[in-house]
Amino acid sequence: MLTLVRKLLQRKLTERHAVRCHAFSTKVFDIGQPTAASHPELLKEEEITPGISCEEYISRRKMLLELLPEKSLAIIAAAPVKMMTDVVPYTFRQDADYLYITGCQQPGGVAVLGHDCGLCMFMPEADPHDVIWQGQVAGVDAALDTFKADKAFPISKLCEILPHMIGTSSILFHNVKTEAPIYTNLDAFQKQTYTGNVQDLSIYTHELRWIKSPAELKLMRESASIACQALLQTMLHSRTFLHEGMLSAKVEYECRMKGAQRMAFNPVVGGGPNGSIIHYSRNDQKIKDGDLVLMDVGCELHGYLSDLTRTWPPCGRFSSTQEELYNLILETNKECVKLCEPGTSIRQIHNFSKGLKEIGVLKDDRRSNRLYNQLNPTSIGHYLGMDVHDCSMVSTDRPLKPGVVITIEPGVYISSLFDVPERYQGIGIRIEDEVLINETGCEVLTGSMPKEVKHIESFLSN
């Protein structure tokens, strides 16, 4: 009997040891951002960031190298951490170019891309004290294993290694927006600057980012869908909660609950005359009964943004004056969307929109040209992607191509200070859609959002 008990105990100990070994062998290591191992619900095995594969990131690096001149070197620093107070940082958002090339969503790194070295990443070193307070960070191992860099070193080695790389290069490109003293203060970099051999890398990265891949477009469709659903819920919410701040909170809540990581920008919630302030952001006023509310919102989904605007009366009915102005902007929106096709430029669409001046407030007014520009001083649209105003180095005169995403956002902003008939004063209206250029014309990514007067009024009343 004693022998049997000993055998049973030995068997139990062996089983426990096996379980412990198995648990150790399948341990998921935290690298400071989601991976396929840590977040299988977000990433597939071959993806570096959700929706974007390792193969696509490597392809981006190759395409950038093909654009760069021979014997050149590109230096891209991660976005810096910005502080709200001495100990409280703002929520970190990675620089779009650094994320586009590396897939790393964390601060503290510097990436170098060259014809000889491939992608070389200098990574922050985990300090035990910082890990306790802020968690793990991606280091050298993550750069090689997760981000698939060709070479990787601790950031402390940058001052030893990068000067030689710079010295063997005839021209340098760097991300001016995130330039960091850790490399700009190097004698080798200063020498290249003095001889005029340092240029802004964004002329190349924006060119690559301008046309979206199928994987990027899938994320942008999802981001637009989330923003549309959130704004629809907020429109219904506005019937009861007539306060700008509450509507701002509602749309952010709905976006995050549907999977967005953050808002693309601080929501614009302009009630009544606040709608005539183009980038109004206070969102601290009550909305009066009978006033319109203008909401310009967007969210970020795994690095890709949405951007749309709708204007509606929370009471459920447009007044005759509101409807008159709204229908003019709606007509402009629809006519401009029709122009969205390969070969047309944003500038051409903008110039066309400025020709639609049949607005009652301007009829028979000798000042119509000047006043119209005051009432509608914005561009008809902009590029959209990893940044809200994406690819700013690409001219709006460039003929559009399939895979480019733009916004179409006509508006009218009539301040109470303008010398116009009183019934028009204090009205702001904007109707903004996201538009994807395709082979045959375009696809409106925000097409699920109602914008016809009858559809808005029916939605709000039901």
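Just so we're clear, the structure is a prediction, and the values are computed from it rather than from any experiment.

## What about unusual backbone geometry?
Then step 1. You will see that Lys148, though not glycine, has its phi angle at about 60°, which is positive.
Then step 2. With respect to the element layout, Lys148 can be found in the loop between helix H5 (140-145) and strand E6 (151-154).
Then step 3. Judged by its relative accessible area of 38%, Lys148 is partly exposed.

## Details of the nonpolar core
Then step 1. Met121, Phe147 and Met295 are the most contacted members of the largest nonpolar core, which totals 88 residues.
Then step 2. Here this core takes eleven residues from helix H10 (residues 214-237), the largest share from any one element.
Then step 3. Excluding anything up to four places from it in sequence, Met121 contacts Tyr98, Thr102, Cys104, Val110, Ala111, Ala143, Phe147, Ala149, Lys151, Ala152 and Phe153.
Then step 4. By size, the runner-up hydrophobic cluster in this structure holds 18 residues, among which are Leu73, Val110, Ile166 and Tyr183.

## Examining the environment of Pro314
Then step 1. Among the structural elements, Pro314 can be located in the loop between strand E14 (308-312) and helix H12 (320-338).
Then step 2. A sequence separation of 77 residues divides Pro314 from His237, and the C-alpha atoms of the two residues are 8.8 Å apart.

## Re the pairing of strand E4 (residues 110-114)
Then step 1. Among the five residues of E4, five are classified as buried, and the element is accordingly described as predominantly covered.
Then step 2. Neither face of E4 is open: one carries Val110, Val112 and Gly114, the other Ala111 and Leu113, and all of them are buried.
Then step 3. The sheet contact formed by strand E3 (residues 72-77) and E4 spans five bridges and is antiparallel. Along E4, the bridge assignment pairs Ala77 with Val110.
Then step 4. Summarising the sheet, E4 and strand E5 (residues 118-123) pair through five bridges and their orientation is antiparallel. Within the sheet, the bridge partner assigned to Leu113 lies in E5 and is Leu119.
Then step 5. Here E4 folds back onto E5 in antiparallel fashion, the turn holding three residues.

Rules behind the numbers
Residues numbered from 1 in each chain as written. Predicted model: local features only at pLDDT ≥ 70, side-chain atom pairs only at ≥ 80, totals over all residues. Heavy atoms only, no water. Helix = DSSP H or I, 4+ residues; strand = E, 2+ residues; numbered from the N terminus. Buried < 20%, exposed > 50% of the residue type's maximum accessible area, 1.4 Å probe, protein only. Core = buried A, V, L, I, M, F, W, Y, C linked by side-chain atoms within 4.5 Å. Contact = heavy atoms within 4.5 Å. Pairing = 2+ DSSP bridges.

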